[in-house]
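Summary of the model geometry
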Amino acid sequence: MALAHTVSASVLGVDAFPIRVEIDLSFGLPGFQVVGLPDGAVKEARDRVRSSLRNSGFEPYQHKITANLAPADLRKEGSGFDLPIALAMLCAQGVIEQAATEDLLVVGELGLDGALRPIPGALPIALLAREMNCRALLVPADNASEAAVVDEISVIPVTSLKEAVEWINGERDVPAAVADEAAVAPEPDPYEPDFAEVRGQENVKRAMEVAAAGGHNLLMIGPPGSGKTMLAKRLATILPTPTFDESLETTKIYSVASLLPSGTALMPNRPFRSPHHSISDAGLIGGGTIPKPGEVSLSHNGVLFLDELPEFKKHVLEVMRQPLEDGYVTISRAAMRITYPARLMLVASMNPCPCGYYGDKSHPCSCTPIAIKRYQNKLSGPLLDRIDIHVDVPAIKYREMSDKRKGESSAEIRQRVERARTVQKQRFSGRRGVHANAQMGPSDIEQWCALTNDGHRLMEQVVDQLGMSARATTRILKVARTIADLDGHTDISIANLSEAVQYRSLDRQGP
């Protein structure tokens, strides 16, 4: 009897792909069927669309209706197909000219009264609309500021089904959303904690500066109350300001996960995530019945802090090995394969033993050697190999706590970190996917981490005595390269290499 279509989009992972919404009105018993591998929320669109059409003043339909979401072999999720289905039905009924919907990309959830509600993933959908050279992107008004960050695409914010129909028919003028400069290039929010508040622990602060300068993973080992958590929370204050591309990548992940703060168009700060040790592997890595990004991906371009590392379930920690090495997470399902970015800094803390006081001169340790060994063995060798820097955090003395002199501020440390990152940016300008020393591959290490004869002799001695793996050896070279960058050295000196070796305190003795 009548056939019409609109173009919408769905999000898989952190990227959007186009969906053609086809509507067929035919003779037969009145009914509404949605096909094309819809999930529960998409199937329920028929009830929301029916009520929103009636309450928006459009004639109720009395036909057999089939809505097809193509391609049919990809699973469709979410409520963003409500508006494109409703508009396609109105096209089939002749309320809207089919030609008027050409080159439009439409998304939006409908309320029963016809009002439009925001949907997750507006940013990747806007990027898709630009890639498809669409004339305009029709989105709920609450998603407009997020979508408008993408240039070269006209974003039309609508508040209801009726307003969308009137705009398409040329009966109402809806100005395109414009992203202000503050949204496109937001200023980072000031961080509350500052390194100037930290008393003592100069060796740990130096290790954190090295980690921030090269993007290295960091593990702090020390007794309770030594300041591990306090130091970790201040790491984000010395990281370099994210670039626009980094903010865009981070915002896409938070948009897909429905975690983008209200009124935020672009994430201005590097994320800092600190999940509890009871988290599941799906919560950490991502997944679930409807796959969502986990804490590892939510920390992309930022910091993932795991406090009391041995308290995490061992199988949960082991699934982190692949993302720490590759910088992304792959979730495989029977009908799909999803990849989430996960280029992050892992910062972890742990006690040296179950009671926490092993090696502390002020408090006697009550643990047996077997208990200490069992506790430390909760962390596998392959996982420790992927953590570049291991640093001891001793208990702070009262004299240091009572010292009224303030240490270096986060701003001062960040200046040195940014200078080192600038050197690395120039060094890797021709390398795709390499932005910091921690991401160097074998060829990069061979080119940029060359050692002198004295350096080779030192490394030979260290490897033979500590029984280090090849991966741990490359970590030392990467850290030494970062230390040299901080010190303004072109070549890696013996002092740089010696300092890097000291940051491997948990490496096991050879047989």
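Above this text you will find the structure in question.
With that out of the way, let us pick up the overall build of the protein chain. Check the secondary structure of the protein chain and you find 22 helices and 18 strands. Taken along the three principal axes of its C-alpha coordinates, the protein chain extends 85 × 45 × 45 Å. Here the protein chain holds 511 residues, and the buried ones make up 52% of them. By sequence separation, contacts in the protein chain at least 24 residues apart represent 73% of the contacts at least 6 residues apart. Counting only carbon and sulfur atoms, one obtains 51% of the accessible surface of the protein chain, whose full area is about 23400 Å². Treating the 55 positive side-chain charges of the protein chain as one cloud and the 63 negative ones as another, the clouds have centres 7 Å apart.

Okay, the pairing of strand S4 (residues 64-70) next. On any regular strand, side chains alternate: one points to one face of the sheet, the next to the other face. Across the two faces of S4 the burial differs, with Ile65, Ala67 and Leu69 buried and Lys64, Thr66, Asn68 and Ala70 not buried at all. Bridge count between strand S2 (residues 15-26) and S4: seven bridges; the pairing is antiparallel. Paired with Val21 across the strands is Leu69, a residue of S4. Relative to S4, strand S3 (residues 31-35) runs parallel, the two being bridged by five bridges.

In this section: the layout of surface pockets. As a volume, the largest pocket reaches approximately 1000 Å³. The wall of the largest pocket is formed by 44 residues, among which Arg343, Val434, His435, Ala436 and Gln439 lie closest to the centre. Every element with two or more residues in the lining of the largest pocket is listed here: helix H10 (244-256), helix H14 (321-326), helix H18 (410-427), helix H19 (442-448) and helix H21 (470-486). Looking at which element gives the most residues to the lining of the largest pocket, the answer is H18, with five residues. Residue composition of the lining of the largest pocket, grouped by class: 14 nonpolar, 16 polar and 14 charged. Quantified by volume, the second largest pocket comes out at close to 740 Å³. Around the second largest pocket, the lining is made up of 27 residues, and of these Ile221, Pro352, Tyr358, Gly359 and Asp392 lie nearest the centre. Looking at which element gives the most residues to the lining of the second largest pocket, the answer is helix H15 (residues 369-376), with four residues.

Moving on, we get to the environment of Gln33. Assignment of secondary structure puts Gln33 in strand S3. Classification of Gln33 as partly exposed rests on a relative accessible area of 43%. With 35 residues separating them in the primary sequence, Gln33 and Asn68 have C-alpha atoms 8.5 Å apart. Contact partners of Gln33, with chain neighbours within four places excluded, come to Ile65, Thr66 and Ala67.

Next up on the list: the packing of aromatic side chains. Taken as a whole and judged by the stated rule, the model has one aromatic pair. Across from the ring centre of Trp448, 5.5 Å away, lies the NZ or CZ of Arg427, which sits over that ring.

The next point concerns the sheet that holds strand S17 (residues 345-350). The parallel open sheet is built from five strands, whose spatial order is S11-S14-S17-S10-S18. In this open sheet, the two strands that pair with only one neighbour each are strand S11 (272-273) and strand S18 (389-392). The sheet contact formed by S11 and strand S14 (residues 303-306) spans two bridges and is parallel. Bridging from a neighbouring strand, Phe272 pairs with Val303 of S14.

In this section: the pairing of S14. Residues Val303 and Phe305 of S14 are buried on one face, and the alternating residues Leu304 and Leu306, pointing to the opposite face, are buried as well. Pairing geometry for S14 and S17, over four bridges, is parallel. What sits directly across from Leu306, in S17, is Ala348.

Bringing unusual backbone geometry into the picture now. Residue Ala70 is joined to Pro71 through a cis peptide bond whose omega torsion reads 5 degrees. Note that Pro71 resides in the loop between S4 and helix H3 (82-92). In this model, Gln201 sits at a positive phi of 55 degrees, which is unusual for a non-glycine residue. For Gln201, the position within the fold is in the loop between helix H7 (181-184) and helix H8 (202-214). We note that Ser258 has phi near 60 degrees; this positive angle belongs to a residue other than glycine. Since its relative accessible area comes to 49%, Ser258 is described here as partly exposed.

Conventions we followed
- Residues numbered from 1 in each chain as written.
- Predicted model: local features only at pLDDT ≥ 70, side-chain atom pairs only at ≥ 80, totals over all residues.
- Heavy atoms only, no water.
- Helix = DSSP H or I, 4+ residues; strand = E, 2+ residues; numbered from the N terminus.
- Buried < 20%, exposed > 50% of the residue type's maximum accessible area, 1.4 Å probe, protein only.
- Contact = heavy atoms within 4.5 Å.
- Areas by Shrake-Rupley, 256 points an atom, 1.4 Å probe, with all protein chains shown as cover.
- Lys, Arg positive; Asp, Glu negative; His and termini not counted.
- Charge placed at Lys NZ, Arg CZ, Asp CG, Glu CD.
- Pairing = 2+ DSSP bridges.
- 1 Å grid on protein atoms, 1.4 Å probe; cavity = no way out; pocket = protein on both sides within 12 Å on 5 of 7 lines; lining within 4 Å.
- Points joined across faces, edges and corners; volume = space filled by probe spheres on them.
- Nonpolar A, V, L, I, M, F, W, Y, C, P; charged D, E, K, R; others polar.
- Phe/Tyr/Trp six-rings, centres within 6.5 Å; stacked < 30°, edge-to-face > 60°.
- Lys NZ or Arg CZ within 6 Å of the ring centre and 35° of its normal.

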